[in-house]
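Take a look at the letters that make up each chain.
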Amino acid sequence: AQKITQTQPGMFVQEKEAVTLDCTYDTSDQSYGLFWYKQPSSGEMIFLIYQGSYDEQNATEGRYSLNFQKARKSANLVISASQLGDSAMYFCAMREAQSGGSYIPTFGRGTSLIVHP
Amino acid sequence: DARVTQTPRHKVTEMGQEVTMRCQPILGHNTVFWYRQTMMQGLELLAYFRNRAPLDDSGMPKDRFSAEMPDATLATLKIQPSEPRDSAVYFCASGLVPGGQETQYFGPGTRLLVL
């Protein structure tokens, strides 16, 4: 079973509008972390935002916010006031604690976002 | 501005040749990850080091792939012999554990094409 599910292969949004990218996760751990990364066409993976499982407030970083619904095991990324430069692949990821203090991160398959002028 | 660096950025080689990819993690980070990204498989974890010790390489084909950290500033991923199916983008990422978020920061990747 997939641990990270991103159900939207592709999304389109008008410039200056807000867009939500979905991510659901599966874990039995109480302590875990959720991440979003952006991969533009140039190929690099850029860290955007982090949410810890014990964080009571939704994480925000500039125009990015994470809509964390723990009971539903969802961690959706909200991009406000979309810009043309937001066009990219977006990956949701989770880290869980492993025995011995290590952790293995898991990535979703990604959502392609295209921002129209 | 601390960044993960990877060399080479691009590599074209012929089947059967040895390929070595290098990664310099961010200074002070104690974890290093190697990933492979393809259209078909997405992002796959190949190997994971913490304090230079390999903790997990279950995702790596053992017969041809090897990963090492000769020192804290260098991680290497070798393929010998290379095959066309190894064509992919290989990413190195580093992080700090424990370190609160334990975020991974990615390098720019090595685009490998095996002919």
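Scroll up to find the structure this text is about.
Here's a quick rundown of the structure.

Rules of the game
Residues numbered from 1 in each chain as written. Chains lettered and ligands numbered in written order. Predicted model: local features only at pLDDT ≥ 70, side-chain atom pairs only at ≥ 80, totals over all residues. Heavy atoms only, no water. Buried < 20%, exposed > 50% of the residue type's maximum accessible area, 1.4 Å probe, protein only. Helix = DSSP H or I, 4+ residues; strand = E, 2+ residues; numbered from the N terminus. Pairing = 2+ DSSP bridges. Polar contact = N/O pair within 3.5 Å; in protein donor to acceptor, adjacent residues only side chain to side chain. Contact = heavy atoms within 4.5 Å. Axes fitted to C-alpha atoms, helices over the stretch in contact; angles between N-to-C directions. Buried area = accessible area lost by both parts, 1.4 Å probe. Salt bridge = Lys/Arg side-chain N within 4 Å of Asp/Glu carboxyl O.

Looking now at the pairing of strand β5 (residues 32–39) of chain A. All names here are of chain A. Among the 8 residues in β5, 8 count as buried, and that is most of the element. Judged by which residues are buried, β5 turns out to be covered on both faces: Tyr32, Leu34, Trp36 and Lys38 on one side and Gly33, Phe35, Tyr37 and Gln39 on the other are all buried. In the sheet, β5 pairs with strand β10 (residues 88–97) via 8 bridges, with the strands oriented antiparallel. Directly across from Tyr32, in β10, lies its bridge partner Glu96. Pairing analysis gives 6 bridges linking β5 to strand β6 (residues 46–52), with the strands arranged antiparallel. Residue Lys38 lies in a different strand from β6, and its bridge partner there is Ile46. In textbook terms, the turn of a hairpin is the stretch between consecutive antiparallel strands, and for β5 and β6 this stretch comprises 6 residues, one of which, Gly43, has a positive phi near 105 degrees.

Here we take up the side chain of His29(B). All names here are of chain B. Within the secondary structure, His29 is located in the loop between β3 (19–24) and β4 (31–38). Separated by 3.3 Å, the side chain of His29 and the backbone nitrogen of Gly95 make a polar contact. Residues contacting His29, with those up to four places away along its chain left out, are Ser94, Gly95, Leu96 and Tyr105.

It is worth spelling out the sheet that holds β3(B) at this point. Residues and elements named next belong to chain B. Reading across from one edge, β1-β3-β8-β7 is the order of the 4 strands in this open sheet, with antiparallel pairing throughout. What marks the edges here is a single partner per strand, and that holds for β1 (5–7) and β7 (65–71). With direction set aside, neighbouring strand axes in the sheet form an average angle of 20 degrees. Judged from the 5 bridges that link them, β3 and strand β8 (residues 74–79) form a sheet pairing that is antiparallel. Opposite Met21, over in β8, you have Leu77 as the bridge partner.

What follows concerns the interface of chain A and chain B. Accessible area lost when the parts come together is the quantity often used to give the size of an interface. Contacts between the two partners involve 19 residues from chain A and, on the opposite side, 23 residues from chain B. Together, the buried faces of chain A and chain B total about 1700 Å²; carbon and sulfur atoms form 55% of this surface. Counting across the interface, chain A meets chain B through 0 salt bridges. Summed over the shared surface of chain A and chain B, the result is 4 residue pairs in polar contact (both at pLDDT 80 or more).

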